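Tertiary structure, described
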Amino acid sequence: MRLSDDSNKLNGAVERENQQASDVSSDWLICLYGSSGSGKTRLLQAIEKAVKKEGVLRIGAESMVREMIASLHFAELTEFRQKYLSVENLLIDNLWVLEKRTAAAGEICHLLRERQVARKLTVVVSELPEEAWVARNGAVARLLSKGLGIHFGARRFFAAHA
């Protein structure tokens, strides 16, 4: 009987999460994909400049992971989460470093999902496209599937606009 109750609670939580996910627009998560030198970081810098007055934090994914690990060590995960949930615009470069860090990726993806629900802009940059994440890290793949993806081809993105 107890196993059934736990299963019902879990199913209810999953249904609420799915409903919440369907209520959120993909506009709050932007994913920039492309190879090195394709212009992703240049666009990220332009976005940073454009939203500076509203409040912005730009960080590399590796630094974010190190900060999260340190916060776990010092039992300050709540403060870590609050820092990233409170900033209006969050820009994360080099998301690919989460490829082999499944525990860290899961926590960071959950945090970014909360930002999306709160309607706070998050822009992530990755050399790996969404479809490559499916085989490498399911948490990241699920997060990216909820965002607006922009893929930079072999040519520089800004070359056509210069």
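Residues numbered from 1 in each chain as written. Predicted model: local features only at pLDDT ≥ 70, side-chain atom pairs only at ≥ 80, totals over all residues. Heavy atoms only, no water.

**Comments concerning the overall build of the chain**
Where we set the bar: Secondary structure is summarised from DSSP: a helix means a run of H or I of at least four residues, a strand means a run of E of at least two, and numbering begins at the N terminus for each. Burial classes follow relative accessibility: with a 1.4 Å probe on protein chains only, a residue under 20% of its type's maximum area counts as buried, one over 50% as exposed, and anything between as partly exposed. Any two residues whose heavy atoms approach within 4.5 Å are treated as being in contact. For every accessible area listed, the method is Shrake-Rupley and the probe measures 1.4 Å; residues are considered covered only by the protein chains on display.
In terms of helices and strands, the chain carries seven helices and five strands. Reading the helices (α) and strands (β) of the chain from amino to carboxyl end gives α-β-α-β-α-α-β-α-β-α-α-β. Split into buried and exposed, the 162 residues of the chain put 38% on the buried side. Long-range contacts, defined here as pairs at least 24 residues apart, represent 83% of the contacts in the chain between residues at least 6 apart. When the accessible surface of the chain is totalled, it reaches about 9,500 Å², and 54% of it is carbon and sulfur.

**So, the packing of helix α3 (residues 61–73) against helix α4 (residues 77–86)**
Selection rule: Orientation is described by axes fitted as lines to C-alpha atoms, over the contacting stretch for helices, and by angles from 0 to 180 degrees between their N-to-C directions. Ten residues, namely Ala, Val, Leu, Ile, Met, Phe, Trp, Tyr, Cys and Pro, are considered nonpolar, four, namely Asp, Glu, Lys and Arg, are considered charged, and the remaining ones, Gly among them, are considered polar.
Relative to each other, α3 and α4 sit at 145°, their axes nearing to 7 Å. When α3 is examined against α4, the residues Met64, Glu67, Met68, Ser71 and Leu72 are found in contact with a partner set consisting of Leu77, Phe80, Lys83 and Tyr84. Residue classes in the contact of α3 with α4 are distributed as six nonpolar, one polar and two charged.

**A closer look at the sheet that holds strand β3 (residues 89–93)**
Heads up, the rule is: In this scheme, strands are said to pair when DSSP sees at least two bridges between them.
An order of β2-β3-β4-β1-β5 is seen for the five strands of this open sheet, with the pairing classed as parallel. In this open sheet, the two edge strands, each paired with only one partner strand, are β2 (56–60) and β5 (148–152). With direction set aside, neighbouring strand axes in the sheet form an average angle of 15°. Sitting on the sheet, α3 is in contact with β2 and β3, with an inclination near 90° to β2.

**Some words on the pairing of strand β1 (residues 29–34)**
In terms of residue burial, β1 counts as a mostly covered element, since six of its six residues are buried. Of the two faces of β1, the one lined by Leu29, Cys31 and Tyr33 and the one lined by Ile30, Leu32 and Gly34 are each fully buried. Relative to strand β4 (residues 121–126), β1 runs parallel, the two being bridged by five bridges. Within the sheet, the bridge partner assigned to Leu32 lies in β4 and is Val125.

**Quick word on unusual backbone geometry**
Phi angles above zero are rare outside glycine, and Asn94 is one such case at about 60°. Residue placement: Asn94 occurs in the loop between β3 and α5 (102–117). Given a relative accessible area of 35%, Asn94 falls into the partly exposed group. Phi is positive for Arg119, close to 60°, though the residue is something other than glycine. Along the polypeptide, Arg119 turns up in the loop between α5 and β4.

**Concerning the pattern of salt bridges**
Going by this rule: The working definition used for a salt bridge is a side-chain nitrogen of Lys or Arg within 4 Å of a carboxyl oxygen of Asp or Glu.
As enumerated under the stated definition, the model contains nine salt bridges in all. Between Arg81 and Glu114 there is a salt bridge; the shortest N-O distance is 1.9 Å. Of the two residues, Arg81 sits in helix α4 while Glu114 sits in helix α5, which places them 33 residues apart along the sequence. Across the pair Glu88 and Lys120 runs a salt bridge, and its minimum N-O distance is 3.8 Å. With a gap of 32 residues between them, Glu88 in the loop between α4 and β3 and Lys120 in the loop between α5 and β4 connect regions that are remote in the sequence. Among the ionic contacts, a cluster of salt bridges with common partners joins Glu48, Arg58 and Asp93.

**Section: the side chain of Arg115**
Spelled out, the test is: Counted as positive: Lys and Arg. Counted as negative: Asp and Glu, with His and the chain ends omitted from the count.
For Arg115, the location among the structural elements is in helix α5. The charged side chain of Arg115 is buried without a salt bridge, its nearest counter-charge being Glu88 at 6.9 Å. Discounting chain neighbours no more than four positions away, the residues touching Arg115 are Tyr84, Leu85, Val87, Glu88, Asn89, Leu90, Lys120, Leu121 and Thr122.

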